[in-house]
Amino acid sequence: MTGKRLTVARSGLSRRSLLAAGGGVVLASAFPPLVRAATSLEKTLVAAEGHVRITPDPYAQTGVWCYGGSVPGPEIRLHQGEPLRVSVENRLAQDTTVHWHGLRIPNAMDGAPYVSQPPIQPEDSFIYEFIPPDAGTYWYHPHAHSAEQVGWGLMGALIIEEPQPPPVDRDVVWVIGDFRLNDDASIAGGFGNRMEMSMSGRIGNTVTINGRVPDRFPVRSGERIRLRLINAAPARIFGLEFKDHRPLVVAFDGQPVEPHAQEGGRVVLGPAMRTDLILDMTGKPSQSAAVLDTFYKGLEYKLVDISYSGEPPLRAQPLALPAKLPPNPAPEPDLANARRHDVTLTGGMVGGMGMGGGMMGMMGGSMWAINGMAVINDDMRHMKPVLTLTRSKSYVLAIDNQTAWHHPMHLHGHSFRVITRNGARTKYREWRDTVLVPPRERVEIAFVADNPGDWMFHCHILDHQEGGMMSVIRVA
Ligand code: C2O
Ligand code: CU
């Protein structure tokens, strides 16, 4: 059954009746289903070495580590509330896990090595089985040796469709990321470089969309596109500007938000963050428009050209503004009675190299810390929870970034509202699972601790995570 959807999932037959029918017993199908079919979307993901084309001719193919022979791995797409069962086979030379980033699923399926499961050893396999509660744009990636494994190409899109998706002409997924390549298009070594780890993390030299150096993005005038952006880069932050277009954000990290244009027109995504855009192709036939990444000052570049076909516009009148997506069932935090905790981020290089800079608060071999605690060498075995929360209570975490670097902070197993930045209320109180905290900023997030278990809370710049900015929050 690997990798293919059981057709009975739609017809309402149970798995048992399918098996029975396969065995020649026709009677089974005579029973009308009383409840939704228990069949699930079944997939096998093999993590192994492979060769893919990242750069165009005349470059060679690139040796990668990947799921199912491709980078990104196969897109997994299912309906909200539909069970998913994925058998992960590890054919790498080191242990691995798969984390379903952003999904509020039971702890045992979370893919955090030593925290929620033993790592999957080479030649071993593990079955993940869960029902995604929320619709939206998610992704999957390993959670062991993360910087190296994601840096070699292990990641993929996970799309949970709404029961009634918003009307669009096309639903397009861009897994954006980067690789650090040598001149011959092979992946450069040097993972875990301590200097990079104490600064921005390993930023690649080759930016990709869906695993390829982008050529152009073909569109038709008048189209409405739902563009799902997933930042799967190990460290790079994107700030995308769609020239001559006005993308409207309709979801952050899978969670619906009031449709709005982003400030300055720039769509900012730290590592692991997602943004769903409604992009109306308002240009004329045969025009083109650039998508720029202007996040890092002085390092701006063109990501891709939007390229209009010569066809006449798809529709004569522009469409009405998109409606807000239907809400997901995440519980609303009770701010009046929420308990508060401070979360302080420290460490890293201050003031830059050779400018009188130095390390902030280096402790016991780690470079980064959360409330003074740090994981050494990515080893979660002896980690004590940095916070213990009571199940079903509401919490506000005030995350104070005392470092000179951005940190996309991710909490597993929950979505939270971003309620303030530097003391000012946020306009949209957006739900997220990863919040980008700029240097010296203080961000408050609020959520109900409704999912029991030990949950990772860490920076998603994978070098920072491995350099100590990783902790566990216990929901007891
Ligand atoms: Cu995207 Cu702890 O992970
Ligand atoms: Cu960080």
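Heads up: the structure comes first, above all this text.
All figures in this text were calculated on a predicted structure; none of them were measured in a lab.

Trainee: Quick question: what am I supposed to make of the overall build of the protein chain here?
Mentor: Each helix and strand counted, the protein chain has 5 helices and 33 strands in total. When the 476 residues of the protein chain are sorted by exposure, 56% land in the buried category. Long-range pairs, those at least 24 residues apart, make up 76% of the contacts in the protein chain with a sequence separation of at least 6. Accessible surface, the protein chain: about 19,600 Å² in total, of which carbon and sulfur atoms supply 54%.

Trainee: How should I be thinking about the sheet that holds strand E7 (residues 136-141) in this particular structure?
Mentor: In any sheet, the strands associate via hydrogen bonds between backbone groups, in a parallel or an antiparallel arrangement. Spatial ordering of the open sheet is given by E3-E8-E7-E5, a layout of 4 strands whose pairing is mixed. For this open sheet the edge positions go to strand E3 (73-79) and strand E5 (99-101), each flanked by a neighbour on one side alone. Adjacent strand axes in the sheet meet at a mean angle of 25° when their direction is disregarded. The pairing of E5 with E7 spans 3 bridges and is classified as antiparallel. For Trp100, the partnering residue across the bridge sits in E7 and is Tyr140.

Trainee: Help me understand the side chain of Gln149, please; the structure alone is not making it clear to me.
Mentor: Mapped onto the elements, Gln149 comes out in helix H3 (residues 146-151). Dropping the residues within four chain positions of it, Gln149 is found in contact with Trp65, Leu92, Gln94, Asp95, Thr96, Pro142, Ala144 and Leu154.

Trainee: Would you mind showing me how to read the coordination of the copper ion (ligand 2) here?
Mentor: Ideal values differ by geometry: the angle at a metal is 109.5 degrees with four tetrahedral donors, but 90 or 180 degrees with six octahedral donors. On the protein side, the copper ion (ligand 2) has His407 (ND1), Cys459 (SG) and His464 (ND1) as donor atoms, found 2.0 to 2.1 Å from it. Positions of the donor residues of the copper ion (ligand 2), expressed as sequence spacing, correspond to H-x51-C-x4-H. Linking His407 in strand E26 (residues 407-411) with Cys459 in strand E32 (residues 453-459), this pair joins segments that are 52 residues apart in sequence. Both residues of the pair, His407 and Cys459, count as buried.

Trainee: What is the right way to read the pairing of strand E14 (residues 248-252) from this model?
Mentor: Each regular strand shows side chains that alternate between the opposite faces of the sheet. Among the 5 residues that make up E14, 5 are buried, leaving the element largely enclosed by the rest of the structure. In the sheet, E14 pairs with strand E17 (residues 274-280) via 4 bridges, with the strands oriented antiparallel. By the bridge assignment, Ala251 is partnered in E17 with Asp276. Across 3 bridges, E14 lies against strand E15 (residues 255-260) in antiparallel orientation.

Trainee: Hey, could you run me through the sheet that holds E32 in this one?
Mentor: Strand order in the open sheet formed by 5 strands is E24-E33-E32-E26-E30, and the pairing between neighbours is mixed. The open sheet has two edge strands with one neighbour each: strand E24 (387-389) and strand E30 (434-437). If you compare each strand with its neighbour and ignore which way they point, the axes differ by 20° on average. By the bridge criterion, 3 bridges tie E26 to E32 in an arrangement that is antiparallel. Across the sheet, His410 pairs through a bridge with His458, a residue of E32.

Trainee: Would you mind going over empty space enclosed by the protein with me for this structure?
Mentor: Gaps left between atoms are located by rolling a probe of water-molecule size over the structure's atoms. Considering all chains together, one arrives at 5 cavities of 30 Å³ or more under this definition. There is about 50 Å³ of room inside the largest cavity. Lining of the largest cavity is provided by Val71, Met155, Val175, Ile176, Gly177, Asp178, Phe179, Thr208, Gly211, Ala232 and Ala233. Element by element, the count of residues in the lining of the largest cavity is highest for strand E9 (residues 170-179), at 5 residues.

Trainee: Can you help me understand the environment of Asp110 in this one?
Mentor: Structurally, the position occupied by Asp110 is in the loop between E5 and strand E6 (125-130). Sequence separation between Asp110 and His99 is 11 residues, and the spatial gap between their C-alpha atoms is 5.5 Å. Those residues in contact with Asp110, other than ones at most four positions away along the chain, are Val98, His99, Trp100, Ser116, His412 and Trp455. A distance of 2.6 Å separates a polar atom in the side chain of Asp110 from a polar atom in the side chain of His412.

Trainee: Can you help me understand the pattern of salt bridges in this one?
Mentor: Between side chains of opposite charge, a pair can form as their charged atoms come close. What the rule picks out here adds up to 29 salt bridges. A salt bridge links Asp253 to Arg432; the nearest nitrogen and oxygen atoms lie 3.0 Å apart. Taken as a pair, Asp253 in the loop between E14 and E15 and Arg432 in strand E29 (residues 431-432) lie far apart in primary sequence, 179 residues in all. Accessibility classification places Asp253 together with Arg432 in one group, the buried group. Through salt bridges with shared partners, a single network forms among Glu75, Arg77, Glu161, Glu162, Asp171, Arg226, Arg228 and Asp276.

The rules we used
- Going along each chain's sequence as written, the residues are numbered from 1 onward.
- In the order they appear in the text, chains get letters beginning with A and ligands get numbers beginning with 1.
- Owing to the predicted nature of the model, reporting of local features is limited to residues with pLDDT of at least 70; listing and counting of side-chain atom pairs is limited to 80 or more, with chain, interface and lining totals taken over all residues.
- Side-chain measures were taken over the full set of non-hydrogen atoms in the model, leaving aside hydrogen atoms and water.
- Where helices and strands are cited, they refer to DSSP runs of H or I of at least four residues and of E of at least two residues respectively, numbered from the N terminus.
- Any residue under 20% of the maximum accessible area for its type is buried, any over 50% is exposed, and the rest in between are partly exposed; the area is computed with a 1.4 Å probe on protein chains only.
- What makes two residues a contact is simply this: any of their non-hydrogen atoms within 4.5 Å.
- Per-residue and other accessible areas were derived by the Shrake-Rupley procedure at a 1.4 Å probe size, with only the shown protein chains allowed to occlude residues.
- Only strands joined by at least two bridges in the DSSP assignment are considered to pair.
- Geometry is summarised by axes, namely lines fitted to C-alpha atoms with helices restricted to the contacting stretch, and by angles between N-to-C directions that run from 0 to 180 degrees.
- Shown as donors are all N, O and S atoms within 2.8 Å of a metal ion, widened to 3.2 Å for Na, K and Ca; because water is not in the atom set, sites may appear incomplete.
- Cavity means a closed set of points on a 1 Å grid over the protein atoms alone, one where a 1.4 Å probe fits but cannot get out, pocket means an open set with protein on both sides within 12 Å along at least 5 of 7 lines, and lining means a residue has an atom within 4 Å of a point.
- Grid points are joined across faces, edges and corners, and a volume is the space filled by probe spheres set on the points.
- N or O atoms within 3.5 Å of each other form a polar contact, as long as, within protein, one can give a hydrogen and the other can take it, and as long as residues adjacent in sequence are counted only when both atoms are side-chain atoms.
- Salt bridge, as applied in this entry: a Lys or Arg side-chain nitrogen positioned within 4 Å of an Asp or Glu carboxyl oxygen.

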